[in-house]
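Examination of the molecular architecture
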Amino acid sequence: MKNKRDLMIMLKEAGILFAITLISGLVLGFVYQLTKDPIRLQQERKVREACQAVFADAADFTEQNIVLTAQQQEAYGQMGVTVGDVYLALDQSGSSLGYVIEVISSEGYSGNIGLYMGMQKDGTLNGISILDISETPGLGMEAGNVLVPQFENKKVTAFTYTKTGAQDDTQIDAISGATKTTKAVVNAVNAGLQFFGEALQEGGADNE
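Read on for a plain summary of the structure. (Residues numbered from 1 in each chain as written. Predicted model: local features only at pLDDT ≥ 70, side-chain atom pairs only at ≥ 80, totals over all residues. Heavy atoms only, no water.)

Some words on the overall build of the chain
Our working definition: Every helix listed is a DSSP run of H or I at least four residues long, and every strand listed is a run of E at least two residues long, numbered separately from the N terminus. When a residue's accessible area, from a 1.4 Å probe over protein chains only, is under 20% of the maximum for its type it is buried; when over 50% it is exposed; and in between it is partly exposed. The contact definition used throughout considers only heavy atoms, calling two residues in contact when any of these lie within 4.5 Å. Throughout, the Shrake-Rupley method with a 1.4 Å probe supplies accessible areas, and for residues the shown protein chains are the sole cover considered.
From N to C terminus, the chain includes four helices and seven strands. Listing the helices and strands of the chain from first to last along the sequence gives α-β-α-β-β-β-β-α-β-β-α. Here the chain, with 208 residues, has 35% of them falling under the buried criterion. Contacts spanning at least 24 positions in sequence make up 54% of the contacts within the chain whose residues lie at least 6 apart. Summed over its atoms, the accessible surface of the chain is roughly 12200 Å², and 54% of this surface lies on carbon and sulfur atoms.

Below is the structure:
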């Protein structure tokens, strides 16, 4: 009798646990369905704002389906970066103005740094917009104030960073006390410039 009573108690507890798990799953599923569209729309808005920040003249942006070769992925990986989404920037008439390239660096001081860069068709960098960053407050988090303005309207093939003051368009003044953040951003931009030249620019390696 005791064993039977113990079995009934165990089955009852198992039933209660199953019911709780089922209800929790249904609630989580409902919450996900309720919030997924607002979250998606918010992310799309953030991306749109980032694109507009680096291509103010554009009226619209269309995502491009560009597949990197294994060699390209390896080369960018060695730089500590990933080339993400690419958008074609269009004017009011639908003509191409250039591209917006997403680049993500895995070498930030506190994590990934995601940025967007606007490239005119002639290779001029309109500027960059940092979308994701979680660096040290007062140091790496100053990237938006210190680094971003230095990339505006530059037409170079690559950047370097310096701690002694930029002497020409290819040099970027490092954030004081945040060399690692500076390096991550500069490397990310250089990867974007390289990708643009190889895959997007007219006459580039993939456009011949």
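Looking at the layout of surface pockets
Defined as follows: For cavity detection a 1 Å grid was placed over the protein atoms alone, and a set of points counts as a cavity when a 1.4 Å probe fits there but cannot get out; an open set counts as a pocket when protein lies on both sides within 12 Å along at least five of seven lines, with lining residues being those that have an atom within 4 Å of a point. Grid points are joined across faces, edges and corners, and a volume is the space filled by probe spheres set on the points. Classification convention: Asp, Glu, Lys, Arg as charged; Ala, Val, Leu, Ile, Met, Phe, Trp, Tyr, Cys, Pro as nonpolar; all other residues, Gly among them, as polar.
Considering only enclosed or pocket space, the largest pocket measures out at about 190 Å³ in volume. When contributions to the lining of the largest pocket are tallied by element, the ones reaching two or more residues are helix H1 (2-54) and strand S5 (125-132). With three residues, S5 is the single largest residue contributor to the lining of the largest pocket. Partitioned by chemical class, the residues of the lining of the largest pocket number seven nonpolar, four polar and two charged.

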